[in-house]
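# What the coordinates show
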Amino acid sequence: MLPQPISPGRFQATLNDPADFTLSFELVPGRGGRSTVHTRTLDLAQDMAADGRICAVSITDNAGGHATLAPDVIGQEILAMGLDVISHFSCKDKNRNKMESLLYGWDRIGLHNLLVIAGDFPQKGYCGHPKPVFDLDTVHVIDLLSHLNRGESSGGVEATSFCIGVAISPFKYTEAELMMQYYKLQRKIEAGAHYGITQLGFDARKYHEALLYVEEHDLGIPLLGNLFIPNIHVARLMHRRAIPGCVIPDHMFERMDRESRSADRGKKARLERAASQLAVLKGMGYGGVHIGGSGLEMADLDFILTQATARQDQWPDLLAEFEPDTAQGFYYFQKDPGTGLNRKQKNALAKGKSPSLLYHFSDLIHNLIFEPDGYFYNLAKKCCLALDNTILRRPLFWLEHLSKFILFACRNCGDCTLAEYGYRCPQAGCAKYLLNGPCGGSIDGWCEVYPGQKRCHYVLAYERLKSRGNADNFSHGFIPPRDWSLKGASSWVNFYAGRDHIHRQCGAPENQSPPKKSPVSQKKVE
Ligand code: SF4
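Cut-offs applied
- Within every chain, residues take consecutive numbers counted from 1 along the sequence as written.
- Thresholds applied to this predicted model are a pLDDT of at least 70 for local features of residues and 80 or more for the giving and counting of side-chain atom pairs; totals over whole chains, interfaces and linings are not thresholded and use all residues.
- The side-chain values count all of the structure's non-hydrogen atoms but skip hydrogen atoms and water molecules.
- In this description a helix means any DSSP run of H or I spanning at least four residues, a strand means any run of E spanning at least two, and both kinds are numbered starting from the N terminus.
- Should any heavy atoms of two residues lie within 4.5 Å, those residues are considered in contact.
- Note on terminology: near, applied to a residue and a molecule or strand, indicates that one of the residue's heavy atoms is within 4 Å of it.
- Asp, Glu, Lys and Arg are counted as charged, while Ala, Val, Leu, Ile, Met, Phe, Trp, Tyr, Cys and Pro are counted as nonpolar; the rest, among them Gly, fall into the polar class.
- At least two DSSP bridges between two strands are needed for those strands to be called paired.
- What counts as an axis is a line fitted to C-alpha atoms, over the stretch in contact for a helix, and the angles between N-to-C directions run from 0 to 180 degrees.
- Each domain's extent was defined by an automatic or database domain assignment.
- Accessible area, probed at 1.4 Å, shrinks when two parts are joined; the buried area is that loss added up over both.
- For salt bridges, the criterion is a side-chain nitrogen of Lys or Arg within 4 Å of an Asp or Glu carboxyl oxygen.
- We call a residue buried when its accessible area falls under 20% of the maximum for its residue type, exposed when it is over 50%, and partly exposed in between, using a 1.4 Å probe and counting protein chains only.
- The term polar contact refers here to a pair of N or O atoms within 3.5 Å; inside protein, the definition further demands a hydrogen-donor-capable atom paired with an acceptor-capable atom, and it admits residues adjacent in sequence only when both atoms are side-chain atoms.
- Expected helix span is computed as 1.5 Å times (number of residues minus one).
- The criterion is simple. A nonpolar core is a set of buried Ala, Val, Leu, Ile, Met, Phe, Trp, Tyr and Cys residues joined through side-chain atoms within 4.5 Å.

From N to C terminus, the protein includes 18 helices and 10 strands. For the protein, the C-alpha atoms occupy an extent of roughly 75 × 55 × 45 Å along the three principal directions. A separation of at least 24 residues holds for 74% of the contacts in the protein among residues at least 6 apart in sequence.

Before going further, it helps to examine the site of the ligand. Around the ligand lies a shell of 13 residues, among which Cys430, Cys439, Cys447, Cys456 and His457 are the nearest. Of the residues contributing to the shell around the ligand, the split by class is eight nonpolar, three polar and two charged.

Sheet architecture is closed into a barrel: eight strands sit in the order E1-E2-E3-E4-E5-E6-E7-E8, paired in parallel fashion. Across this sheet, the average inter-strand angle for adjacent strands is 30 degrees, counted without regard to direction. Here strand E3 (residues 84-90) pairs with strand E4 (residues 113-117) via five bridges, running parallel. For Ser87, the partnering residue across the bridge sits in E4 and is Leu114. Each of strand E1 (22-27), strand E2 (56-59) and E3 is contacted by helix H3 (residues 71-79), which is oriented at about 170 degrees to E3, the strand it contacts most.

A word on the domain arrangement of the protein. Reports of interface size often rely on the accessible area that becomes lost once the parts have come together. Annotation of the protein at the domain level lists domain 1 (1-168) and domain 2 (357-496). Between the C-alpha centres of domain 1 and domain 2 the distance comes to 33 Å. Contact residues are listed per partner, giving 14 residues for domain 1 and 15 residues for domain 2. Of the roughly 1,100 Å² buried between domain 1 and domain 2 on both sides combined, carbon and sulfur atoms contribute 63%. Between the two partners, domain 1 and domain 2, sit zero salt bridges.

Here Thr198 lies in strand E6 (residues 195-200). Residue Thr198 is classed as buried on the basis of its relative accessible area of 2%. One polar contact links the side chain of Thr198 to the main-chain amide nitrogen of Asn226, over a distance of 2.9 Å. Those residues in contact with Thr198, other than ones at most four positions away along the chain, are Ile168, Pro170, Tyr207, Leu224, Gly225, Asn226 and Tyr286.

We now examine unusual backbone geometry. Look at the link from Gly437 to Pro438: it is a cis peptide, with omega at 5 degrees. Position of Pro438 relative to the elements: it lies in the loop between helix H16 (426-429) and helix H17 (457-467). For Asp218, which is not glycine, the phi dihedral falls at a positive 50 degrees. Residue placement: Asp218 occurs in the loop between helix H7 (204-216) and strand E7 (223-229). A positive phi is found at Tyr423, a non-glycine position, where the angle reads about 65 degrees. By the element assignment, Tyr423 lies in the loop between helix H15 (393-408) and H16.

Relative to the 26 Å expected for 18 residues at 1.5 Å per residue, helix H10 (residues 267-284) spans 26 Å between its end C-alpha atoms, a close match to the ideal helical length. Those residues of H10 that sit buried are Arg270, Leu271, Arg273, Ala274, Ala275, Ser276, Gln277, Leu278, Ala279, Val280, Leu281 and Met284. One or two positions beyond H10, positive phi appears at Gly285, with a value near 120 degrees.

Applying the stated criterion across every chain, the model contains 24 salt bridges. Measuring nitrogen to oxygen at the nearest pair gives 3.0 Å for the salt bridge that ties Asp300 to Lys267. A residue pair is termed long-range when its members are at least 10 positions apart, and Asp300 in helix H11 (residues 298-310) and Lys267 in helix H10 qualify at 33 residues. In this structure Asp300 comes out as buried when scored by relative accessible area, which is 8%. A residue is classified by how much of its surface remains accessible, and Lys267, at 25% relative accessible area, is partly exposed. Note that Glu463 and Lys353 form a salt bridge whose closest N and O atoms lie 3.8 Å from each other. Note that Glu463 is positioned in helix H17 and Lys353 in the loop between strand E10 (342-346) and helix H13 (357-369), a separation of 110 residues in sequence.

Before going further, it helps to spend a moment on the nonpolar core. Counting residues in hydrophobic clusters, the biggest one holds 117 residues, and the most contacted among them are Phe25, Met48, Ile78, Leu278, Met284 and Ile291. Among the elements that line this core, the one with the most residues is helix H6 (residues 175-191), at nine residues. Residue contacts for Met48: discarding those within four places in its chain leaves Phe25, Leu27, Ile54, Val57, Leu83, Met298 and Leu301. Cys55, Ile86, Ile197 and Leu224 belong to the second-largest nonpolar core, a separate cluster that totals 10 residues.

Laid out in structure tokens, this is it:
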């Protein structure tokens, strides 16, 4: 159920009304405080406000990992035009305290619609590459927002009314990547998300799959289909998989390439395609579309919206244009031979690979020493707590750290989550240190940040947990954020002393309400 906002805007009203079709548009601010790019962006927003069909614009937050004008600055100017604003809120550049103070400010100035994303990995900035922050992940941010919306912040802080949007990327063609995207969506909704926007794509069956998954699992949130209109330069980058999470089928790119050789460099053709795609998304049941693209003007949007309405009834005939290259990839539902979309029958998941020796060894040690019913649990607890206050404290720390560094590339966080990920360390394995991943950027199972070099931590964790039959435990609960005060201390001692994430109370800023713990470590006895 959407929160009762202080000043309900059109965006939330359309989201809330199944009979209404939400139209939003993505603006990507440029660099600097004053530039011709900002003037063009504001002019376009003014045109959309005057036109009235687009009910909200979203404003990106350092898109592509580059430093650009912050969304709240230009957002306030656009709100004053009477157009609703959705502010992208990414995790890549700010820690949890900066996030909270920003949110207090946004609540005050009326920026209540958010799109919470991990964000693209930070790219080159002032004097070299910036530090990738990712102090919180999207599930943490949603939990924080939910606490703020419930007015659980101490000190007489009034409840906020943030409308929390999240991203979902169905354009994954391996089972592990796709299932982890859907599991993460469920966790985000459980934490308090109100609506979803898909990643951009050109595969109608995948768009339909996301809709059906939300329906089949009764997730109960409105979904907007992302409709992106790339010019040939951007299309080329996407086709080269240079933009994280964005996939263009070969046949689609070849057509775009041919079209780009025409006098208008393919502009008319891509607007026509966008009109067809909008009709298809509306026809298959999306509650709205989120339009984006470079160099678009109000006249282009007018053409797309008008043409889409004109061809709305023929949408099933337009499906052929949005087919994937091959049917090779993994789809959650079986194909409907009649429509080319999906039936409600699910495809069988592949059998899990048998776990490695290291996995079996780690699991044995874990069950003997760290599970409360483990044979050596009490002895280990006594020893660790006793040694913690003696000169053997550092030797114990080094015994732990060296053994875990050799086996798991331990990063010494003091708050170990190995058991939750099938004995794979997210601090070492995930370039964004996500504790409730994945992000949306993986490419054929490879990490967005190290394509072709390093497989996505969550793909590996899925395969590991699947081997013991409980990968779907990733679909609920969440791992609390790291407590950086534990860095450099023994995780063993922190565990037994009840200082780590397993025992820690967290959630409400300074209020104590335990989060729903992810039961990933609880064994499912087959
Ligand atoms: S390991 Fe996976 S979740 Fe982490 S940054 Fe890479 S692609 Fe994203």
